Amino acid sequence: AKTRQRLVIGNWKMNGSLAANEVLLKGIRDGVENTGAHNHCIIAVCPSFPYLAQVSQVLAGSSVSWGAQDVSWQESGAFTGEVSASMLNDFNCAWALVGHSERRALHGETSEQVALKAQAALAHNITPVVCVGETLQDREQEKTLAVIQAQLAPVLALGEQAVNKMVIAYEPVWAIGTGLTASPEQAQEVHAYIRAQLNAIGAGNVQVLYGGSVKAANAASLFAMADIDGALVGGAALVAEEFLNIATA
Ligand code: PEP
């Protein structure tokens, strides 16, 4: 049996409003208490930055934690539009996604920058959730593991101590928001590879999440895999009942 604690994180992406968040957050918060989902896994949500104050108020004292979708690698200063880890700390963020494929693809983030972001989060006691994943073209060209290795390399170079405080999320780009989920076996193959990379630096017990069109109907078969420790959930995290059903799967 796996000893690593299961973790289910909702990535709301650029969705929500004060009114819609209120309903969703209360649905998740109350649903978690009613179902006892927090006894099975750690549950977290990642809203857009302006809503962190709202989320921290609605979820205060609950067993649901929260995080940000990105973080700057700088401490402070002339970085217009960026948000620092110490600012996230002001809102009690427990988590920060770093290197989401949408950031890599649409904002040109490099794996070196992603590693710096992970380091900045750790410096403020925020757990970075480092996202990696191949495109469809990478997979068709049988470059999946090479791409994952290259994306992980600067992160693993931060060393055992740092990496042991992180979470890794494997998110095949072709499965994100497409309704195409990697089969449990396809996902496990990459998770086992990531686990081996982690093991090689003494960080074999780091949680490795799967992301990419996870829903209640496919979560249990993914979670049954030896090296899948939970999920990073996009679309399905915007519906309280569906998100809770993933957490209890
Ligand atoms: C994500 O954006 O991290 C994600 C996995 O999205 P979806 O679940 O919608 O595919």
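Procedures and definitions
- Residues numbered from 1 in each chain as written.
- Predicted model: local features only at pLDDT ≥ 70, side-chain atom pairs only at ≥ 80, totals over all residues.
- Heavy atoms only, no water.
- Salt bridge = Lys/Arg side-chain N within 4 Å of Asp/Glu carboxyl O.
- Helix = DSSP H or I, 4+ residues; strand = E, 2+ residues; numbered from the N terminus.
- Buried < 20%, exposed > 50% of the residue type's maximum accessible area, 1.4 Å probe, protein only.
- Near = heavy atom within 4 Å.
- Polar contact = N/O pair within 3.5 Å; in protein donor to acceptor, adjacent residues only side chain to side chain.
- Areas by Shrake-Rupley, 256 points an atom, 1.4 Å probe, with all protein chains shown as cover.
- 1 Å grid on protein atoms, 1.4 Å probe; cavity = no way out; pocket = protein on both sides within 12 Å on 5 of 7 lines; lining within 4 Å.
- Sits in = over half its atoms within 2 Å of the grid points.
- Contact = heavy atoms within 4.5 Å.
- Axes fitted to C-alpha atoms, helices over the stretch in contact; angles between N-to-C directions.
- Left-handed = near helix turned anticlockwise from the far one by under 90°.
- Nonpolar A, V, L, I, M, F, W, Y, C, P; charged D, E, K, R; others polar.
- Points joined across faces, edges and corners; volume = space filled by probe spheres on them.

Could you give an account of the pattern of salt bridges, naming the residues involved and the relevant values?
Once their charged atoms are close, side chains differing in charge can pair, the charge on each being opposite to the other. Across all of its chains, the model carries 11 salt bridges by this definition. One salt bridge in this structure joins Glu102 and Lys13, with 2.8 Å as the shortest N-O distance. Of the two residues, Glu102 sits in helix α4 (residues 101-107) while Lys13 sits in the loop between β1 (7-11) and α1 (18-35), which places them 89 residues apart along the sequence. Among the residues examined, Glu102 registers a relative accessible area of 30% and is labelled partly exposed. One salt bridge connects Arg103 with Glu109, and the closest N-O pair in it is separated by 2.9 Å.

Residue-level account of the site of the ligand, with values.
Contacts to the ligand come from 14 residues, most closely from Lys13, His100, Glu171, Gly177 and Ser213. A distance of 2.6 Å is found between an oxygen atom of the ligand and a backbone nitrogen or oxygen belonging to Gly177. Here Gly234 contributes a backbone N or O atom positioned 2.8 Å from an oxygen atom of the ligand. For the ligand, whose accessible area on its own is 300 Å², the fraction buried by protein is 96%. Given that more than half its atoms are within 2 Å of the pocket grid, the ligand belongs to the second largest pocket.

Could you give an account of the side chain of Gln188, naming the residues involved and the relevant values?
Looking at where Gln188 falls in the secondary structure, it is placed in helix α9 (residues 184-200). One polar contact links Gln188 to Asp227, side chain to side chain, over a distance of 2.8 Å. Once you skip the residues sitting within four places of it in the chain, Gln188 turns out to touch Met225, Ala226, Asp227 and Ile228.

Explain unusual backbone geometry to me, and be specific about the residues and the numbers.
For Lys13, which is not glycine, the phi torsion reads 50° and is therefore positive. Despite not being glycine, Glu142 has its phi angle at roughly 55°, a positive value. The class of Glu142 is exposed, set by a relative accessible area of 74%.

Residue-level account of the packing of helix α7 (residues 144-156) against α9, with values.
At a minimum axis distance of 11 Å, the contact between α7 and α9 shows a crossing angle of 35°. Pair α7 / α9 crosses with right-handed handedness. Contacts between α7 and α9 involve Thr144, Leu145, Ile148, Gln149, Leu152 and Leu156 on the former and, on the latter, Val190, Tyr193, Ile194, Gln197 and Leu198. A class-by-class count of the residues in the contact of α7 with α9 yields eight nonpolar, three polar and no charged.

Requested: an account of the layout of surface pockets, with residues and values cited.
Over the atoms a probe the size of a water molecule is rolled, and this reveals where empty space is left. Roughly 400 Å³ of volume is contained in the largest pocket. Lining the largest pocket are 18 residues, and of these Met14, Gln69, Asp70, Arg103 and His107 sit closest to its centre. Tallying contributions element by element places α4 first for the lining of the largest pocket, with four residues. Of the residues belonging to the lining of the largest pocket, the class tally is six nonpolar, seven polar and five charged. For the second largest pocket, the calculated volume is near 230 Å³. Along the walls of the second largest pocket sit 19 residues, with Gly177, Ser213, Gly234, Gly235 and Ala236 positioned nearest its centre. In terms of residue class, the lining of the second largest pocket is built from seven nonpolar, nine polar and three charged.

None of the figures reported here should be taken as evidence of function without further support.
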